[in-house]
Amino acid sequence: MDYRALAELVMMSLFGLSALAVAVGFSVRAFLAPTLRDLFGRPPATPGERDLLDARLHRLEDRLESIERSLDRIAAASEFDRRLGGPEGS
């Protein structure tokens, strides 16, 4: 067994892992930390902002309900047209 080659392999592995640890640490410190600070360090919304958000959510819910109703009407019309056409192949 060549101990010199094994020692070089271990040394290069440790060097690679330490470089990776430094790169990950820098990335977290430079990019992730400010984002998390902005997300979790933000003060609670004011009542006016909360009311605007509630209004937007209600409008979105209304739009989704109207889309669902439209899809139900389209499905019903498609089913009616399919039944009106009668059996195929006659």
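In the block above lies the structure referred to throughout.
Thresholds applied
Along each chain, residue indices are assigned from 1 in the same order as the chain's sequence is written. Whole-chain, interface and lining totals are the exception, using all residues; otherwise, since this is a predicted model, local features are given only for residues with pLDDT of at least 70 and side-chain atom pairs are given and counted only at 80 or more. Processing note: side-chain calculations cover all non-hydrogen atoms of the structure and skip hydrogens and water entirely. Each helix is a run of DSSP H or I of at least 4 residues and each strand a run of E of at least 2, with the numbering of both proceeding from the N terminus. Every case where a carboxyl oxygen of Asp or Glu lies within 4 Å of a side-chain nitrogen of Lys or Arg is listed as a salt bridge. Accessible area is worked out with a 1.4 Å probe on protein chains only. A residue is then buried under 20% of its type maximum, exposed over 50%, and partly exposed in between.

Enquirer: What am I meant to see in the environment of Gly41 here?
Expert: With respect to the secondary-structure elements, Gly41 resides in the loop between helix 1 (3–40) and helix 2 (47–85). Along the primary structure Gly41 and Ser27 are separated by 14 residues, whereas in three dimensions their C-alpha atoms are 20 Å apart.

Enquirer: Which parts of the structure should I look at to understand the pattern of salt bridges?
Expert: Close approach of charged atoms allows side chains of opposite charge to pair. Within the structure shown, the criterion is met by three salt bridges. A salt bridge links Arg82 to Glu79, with the shortest nitrogen-to-oxygen separation between them at 2.5 Å. Residue Arg82 and its partner Glu79 are both found in helix 2; the two are separated by three residues, about one turn of the helix. Classification of Arg82 by relative accessible area gives exposed; the value is 55%. The closest approach of N and O atoms between Arg83 and Glu79, which form a salt bridge, is 3.0 Å. In this pair, Arg83 and Glu79 are both assigned in helix 2, four residues apart and thus about one turn of the helix distant. Look at Arg83 and you get exposed, because its relative accessible area is 63%.

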